[in-house]
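# Summary of the model geometry
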Amino acid sequence: MTEHLDAIVVGAGHNGLVCAAYLARAGKKTLVLESAPGPGGMAGTRSIRGGYHFPGLVHVAYPFAPGIRRELELDRHGYAPGAPINTTSLAGNGRHLSFGNAGISGQDVPRADADSYPPFRNRYLSFARAMQPLFDSSPPRLKETPFRDKWTLMRLGWNLRVKLGRDSMYELLRVAGINMHDVLSDTFVDDRLKGAIAAEAILGSAMCPRTPGTVLTWLQWLQGALNGPLSIPSSGSMQALASAAEAAGATIRHRAAVRRILVEAGRATGAELASGEKLAADLTVSGVDPRSTFTELVGLPQLDAMFGNRVGQIRGSGVVAKLLLALRDKPAFRGLPEPELGNRLLVAPSLRYVEHAFNASKYGEYPEQPVLDIAIPSLGDTDLAPAGHHVMSVNVAFVPYDLREDSEARKSAFTKRVIALLDEYAPGIESLIVEHQFLSPRDIEADYGAMRGHWHHGELSIHQSFMLRPLYGAAQYDTPIGGLFLCGSGSHPGGGLTGLPGRNAARRILELGKT
Amino acid sequence: MNQYDAVVIGAGHNGLTNAAFLARAGLRVLVAERNPYIGGATVSRELHKGWKYSNCSYVCSLFRPEIYNALDLGRHGLKVIPLVSSMTFKQNGDYFGSYSNPNVRRRELMRHSHRDADAAIRFDADVLRWCKLIRSFLLRTPPDPGSLRPRDAFEFAWLLKKFHELSEAHLYEFIRFFTMAIAEYLENYFENETILAHYSGGSIIGTGLGVYSPGTAYVLLHHAMGEVDGNIGAWGFARGGMGAISGALASAFRSYGGEIRTGAEVTRILVSGKRARGVVLSSGEAITARVVVSNLDARRTYTKLFDETDVPPLLLKRARQFKIRGSSGKLNIALDGLPSFPALPEGSPLTRGHMHFTDTLMRLEKAYDDWKDDRWSEDPYCDMLIPSQYDPTLAPPGKHMMTVFVQYCPVEPEGGWTDEKRDRFGRVVLDQIADYSPDFKSLLLHAEVRTPRELEDEVGLTEGNIFQGELTFDQLLFNRPFPGYAQYRGPVRGMYMCGSSTHPGGGVMGAPGTNAAREILHDLRKNDTTPEEFSDD
Amino acid sequence: MTIAPEHFRQALQRTPFHDRFVALSTTEDWMSWNTYKVARVVDKLSTEYFAVRSGCSVMDLTPMEKYRITGRGACAFLDRLVTRDISKLRPGRVTYVVWCNDDGKVIDDGTLFQFGENDYRLCSQHHQLDWLRISSTGFDVGIEVETADVAALAVQGPTSYSVLDAAGIGDLQNLKPFDVATRQCGRVPVTVSRTGYTGDLGYELWMNRTGALEIWDAIFAVRGRYDVCPMGLSALEMVRIEAGFIMPGFDFNTAGSTIRSGYDRSPYEVGLGWAVNLEKGHFTGRRALLAEHALPAERRLTKIVIDGNKPVNSSLVYDRQNGMKIGEVKAATWSPILKVNIALAELELRGGRLSQGMWARIEYQRELQWHATWARCRTHAKPFYIPDHRSETPPRHY
């Protein structure tokens, strides 16, 4: 045991860094322990030999909340959102459709949809805005509700009833629990548009457009849209977070994997590293997913039995694989104008297509026709690849974590199928591939330690949201173990590159420290 | 004289319940029914000579004892006999049975999984807790979250109080129960595949959702919260078929001076000066009334019975978007004798209850995948009963009547329904039964096959949805059928809804009709003749 | 043991001793216990009662749930499961244990036998496999249900030691209360523990179901010398109340089957605070019990004696006659040996203290007419009846 620490943060993922920065700014002597050689966790830069770099698993994101940017002075440390992009729904016949904040563009856009889209988007953005108090704060407890939580609920109620107005409130209450399939079918006629918005809403979750609750998942994603336009995150953004944390006084130790969170008499006392080194601290904050935190780092014997059982039931199996492509030249998609190549490109041409891609995953099979989510980060950042070369990042859905038959041969056959599918949309792309890397959910779990390779550290379903995220008894960032807190995507308000769980956790820790 | 205090459109069980309470309050009430028979989907008909088919709804558990008691239905001839069991055949020749005797039930669970037998105690306690909670909401009008009236505020306070009686952990557990998929919810308790499939089945009955769709755990309650003589969870069968329920309700209604006209199809609700004035029949005859109550589903009511100009555009849009999603089919079968089921030991009581053939969650989910693609399930989930074993009124002596509810069946397969497709659908079901009963086909005398097409055409259930609208979050409580219209009142004064499209929804329960009557009587400043819920404490 | 699908023909199972009970039963007064058919009264309640207090009674314990718990993590698992410190238990010893859910509410109680290192048997009244499995995640432990395979008899009463000795189950003179040892009865191995639920001298015998009848017959073969009396559950209810033993699920609701929030009970509330060790390290419910322990108690299951001789079952207890209701009788009996009404009552506490003037409202029948009366209640700290010979080692030989 060495010097005394106020707080240890396990994992230098973006939420861990945000949390550490806030704690350090409040004067806590904070140490961040990270097993990888660099910061950012799943959002950290990833490279393929030959000088190809990828902005981590997250290849499109909304900017961080203005509050976090301001309070942590992120921009001063080099944080800058990428250039705004739109989303393009690719069509097999080369007649694509794009949409973004401004509206729909592209070929064969039905008049009705062009008219319905802007009010639709604005309405859902207004829903997202109305729900902001809920996302911005610790989830309210429903009994023995402290004043802070009542205040959250009051602000939420005010937003719903007064700001939204009666009819919009009714509509939000109606759609909050239902599925994207119904909402989109009621609003639009174009299959490309419906398929792509549905894919955007559910990507990363084991849900299909017909799964009830997917509107809520989408509203969670749209929280980010309140901060600014969609972009490909720049490779320096995680470094900026790390610098901000360090500038605030936190220390980050890389290549320092935590093996165990030390617990004595029901209180966390620090962490033990894989090397055997023990570090003592008053507080331990875990950015690791909740299930791994409790079952592996803490150990179920330290917890009550039913709590441990509920930890085991946290649902979340990754369903998105990653295909990273190093390309010797800029690819061309049939029918896609050059300026749109930098968009988020989705192969999700209809609701039924997405639905079918999901069906196979339920039975542990690879999909015949996967949903693809494509970005080419090197278009905006030429440093990511050797001159003239490009990197392409493809999210492939739905690839189940538990395959009925898991073998290298099947995996490479599926990779080939994905590349062949890409080639249908971008003829000739296959010949441009210098190198590729395919990461199944199992690979993602192995590389990043995220439970079952799930992007969001746990499904963003209603029964795992708000005061139920990741599970009641640990939903307000504090846990049954005294001095142990959660700060990762597994906590409210969940996944995506938002930093909100990290900030909410830090606020809660500091607030509890006061009382 | 064509002038009434109230006219109720449709003689379904809710329409009759509603009418009975109105008549009991002294109103002059007419029930207008399109079909030549009453009952709507609560009906028993002789479609094969000597056999009585309850060819829509086929069991009841939800029918509220308060209504039974208030309308004195026992004296009007209703007898509800408890069903004793349910079971699922396994593909390997074995079966799982859920017996009513607690000792036998436990040992059967133990036969499949000792752990599950113990977990069933926890499961029963939890489900019973949610039943008790939800049951207390059934005979109440949901408060309107958009309203600032004291009555709604009071009702919200009452709801909050009810929830506050739960411990904090139970509150969270209830939200989980309310929002989870049945399969995942049951996996919190059970490990045996057959047991999981058996208890999941009830949650997909009548709904366009699969066992892994969030929100289906709650549907379990719609099948588990009924009661027959206080045994929560027990199913009952009306002696004489489901028609006996509508028969008793009609008899009670008539005893209060009510009038029923069959073969009287209402084509339009008359509106003038933002007020309902009566109805017009297909014959052209106009009937005037101070109050018009529709027992039809919400979409049908607003899109077919109103002039478009009489309905606010937003309401019309909501009505068109109302999620109905028919997903079920039904077979009614006349048998020359009792079919044998070799998997069951001689004398097993399990033939007297629900029988199922789907023994894994994956088979249930795959059945749903077919429906998502507008096909009927090739390996459907069937809920089969042979009620003639204990109800002698259903078939000639020694002969039997079988009812088979089938999940899933699409509203419209690709290219639309034809009689040939309907029969192919029926054959899939008959083949499935024959797989477990070798002599079944040789006993077959007559089979009526009903797809959503038949259910819509004959009964008037849009898309053949048995609940008059899905029981999903967007269509429950103050959202049922639409936000702002959940208190049984329509868009014009004097017009009301009383069918299963309204809170608390589907099942032969009578609660929507009762709640609507309470609101109507309140508006007319009449004495409330509807019952309060029996206390659970 | 596999279960045949024909079980529906016979709703209740038979224990290995069932035929013997049938042969001895004059009342044919049966009841159901954990899906088994057992005797409520075999012949005459008072005879069965006095056999425990003055002779030797034999009761069928087979329906008790029995779980074998083994594996490297068995001790750690049990220590996290129950409220007492299990690391202090030794092979050859038995201890009374109670276990709680996360909220610190009692799930069940039972006896825990340690046979060897990491080899235990847990006996309980209620079905616990679900909870044991839930509790076992993260531990290297095996849990096996032995209920059907291990038959059990309770041999209780002042002459029980002598009866067993005469029956060939000897060498028990040094067996102290809560000791457990293995003996032979003829060729049949039998595990003998000096435990019981009667408050008298007594033993419990545990054997494989295949040899069960040989042991029964050996015991009943000494009937000429000693009065050996088969006993049903009604007599047991009387003696266990005299001994002050509680019965979860009867005296209070068990947490596992509680429907209404707040209807479950903590160990402190049922008088088992002495069995809770908050210092031993983590166990399920510890956090909740720590919090509860810091506050004054709100209610407690309490031993009371009630004046008079009217049957006091289900009586309500009031603070003064016609005062506020402050409790209810959960279990009660007329004690034939003390000639007094004794009861376990759940009583509300004010500021951690009981009311000083408690009265029970007793409703009782005389020739189908109902009467009501008031009777004074007094608390009783110790068990109502504990004879000295209960713990004598070696026991007295008759």
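Refer to the structure printed above.
This report concerns the structure included in the present document. Keep in mind the model is a prediction, meaning the values are calculated, not measured.

## Thoughts on the overall build of chain B
The helix and strand tally for chain B stands at 17 helices and 20 strands. Computed over its C-alpha atoms, the radius of gyration of chain B comes to 22 Å, within 12% of the 24 Å expected for a compact globule of 537 residues. Expressed as lengths along the three principal axes of its C-alpha atoms, the size of chain B is roughly 65 × 55 × 45 Å. Residue burial in chain B is summarised as follows: out of 537 residues, 68% are buried. Contacts in chain B between residues far apart in sequence, at least 24 positions, make up 73% of those at least 6 positions apart. Entry remark: accessible area of chain B is about 17500 Å², with carbon and sulfur atoms responsible for 51%. Taken together, the 61 basic and 65 acidic charged side chains of chain B have centroids lying 6 Å from each other.

## Looking at the interface of chain C and chain B
With 29 residues of chain C at the interface, the matching set in chain B holds 31 residues. Counting the surface lost from both chain C and chain B, the interface buries some 2500 Å², and carbon and sulfur atoms represent 58% of this. Taken together, the links from chain C to chain B amount to 3 salt bridges. Asp130(C) serves as the salt-bridge partner of Arg115(B), at 3.1 Å between the closest nitrogen and oxygen. Looking at the side of chain C that touches chain B, the elements that each hand over two or more residues are strand 4 (65–70) and helix 4 (129–136) of chain C. Sorting elements by how many residues they give to the side of chain C that touches chain B places helix 4 of chain C first, with 4 residues.

## Side note on the pattern of salt bridges
Scanning all chains against the criterion turns up 106 salt bridges over all chains. A salt bridge links Lys411(A) to Glu408(A); the nearest nitrogen and oxygen atoms lie 4.0 Å apart. Of this pair, Lys411(A) and Glu408(A) are both found in helix 14 (residues 408–425), 3 residues apart, which corresponds to roughly one turn of the helix. Judged by its relative accessible area of 13%, Lys411(A) is buried. Here Glu408(A) falls in the exposed class, since its relative accessible area comes to 61%. The salt bridge partner of Asp140(C) is Arg72(C), with a shortest N-O separation of 3.3 Å. Of the two residues, Asp140(C) sits in the loop between helix 4 and strand 8 (142–145) while Arg72(C) sits in the loop between strand 4 and helix 3 (74–81), which places them 68 residues apart along the sequence.

## Focus: the interface of chain B and chain A
Contacts between the two partners involve 43 residues from chain B, matched on the other side by 36 residues from chain A. Both faces considered, chain B and chain A share a buried interface measuring about 3700 Å² in area, 53% of it formed by carbon and sulfur atoms. Counting across the interface, chain B meets chain A through 10 salt bridges. Note that Glu168(B) and Arg141(A) form a salt bridge whose closest N and O atoms lie 2.7 Å from each other. Between chain B and chain A we count 22 residue pairs in polar contact (both at pLDDT 80 or more) in total. Among the secondary structure elements, those contributing two or more residues to the side of chain B that touches chain A are helix 6 (168–179), helix 12 (313–321) and helix 13 (361–372) of chain B. The dominant element in the side of chain B that touches chain A, judged by the number of residues it contributes, is helix 6 of chain B, at 8 residues. Here the side of chain B that touches chain A is built from residues that sort into 17 nonpolar, 9 polar and 17 charged.

Cut-offs applied
Residues numbered from 1 in each chain as written. Chains lettered and ligands numbered in written order. Predicted model: local features only at pLDDT ≥ 70, side-chain atom pairs only at ≥ 80, totals over all residues. Heavy atoms only, no water. Helix = DSSP H or I, 4+ residues; strand = E, 2+ residues; numbered from the N terminus. Rg over C-alpha atoms; globule rule 2.2 N^0.38 Å. Buried < 20%, exposed > 50% of the residue type's maximum accessible area, 1.4 Å probe, protein only. Contact = heavy atoms within 4.5 Å. Areas by Shrake-Rupley, 256 points an atom, 1.4 Å probe, with all protein chains shown as cover. Lys, Arg positive; Asp, Glu negative; His and termini not counted. Charge placed at Lys NZ, Arg CZ, Asp CG, Glu CD. Buried area = accessible area lost by both parts, 1.4 Å probe. Salt bridge = Lys/Arg side-chain N within 4 Å of Asp/Glu carboxyl O. Polar contact = N/O pair within 3.5 Å; in protein donor to acceptor, adjacent residues only side chain to side chain. Nonpolar A, V, L, I, M, F, W, Y, C, P; charged D, E, K, R; others polar.

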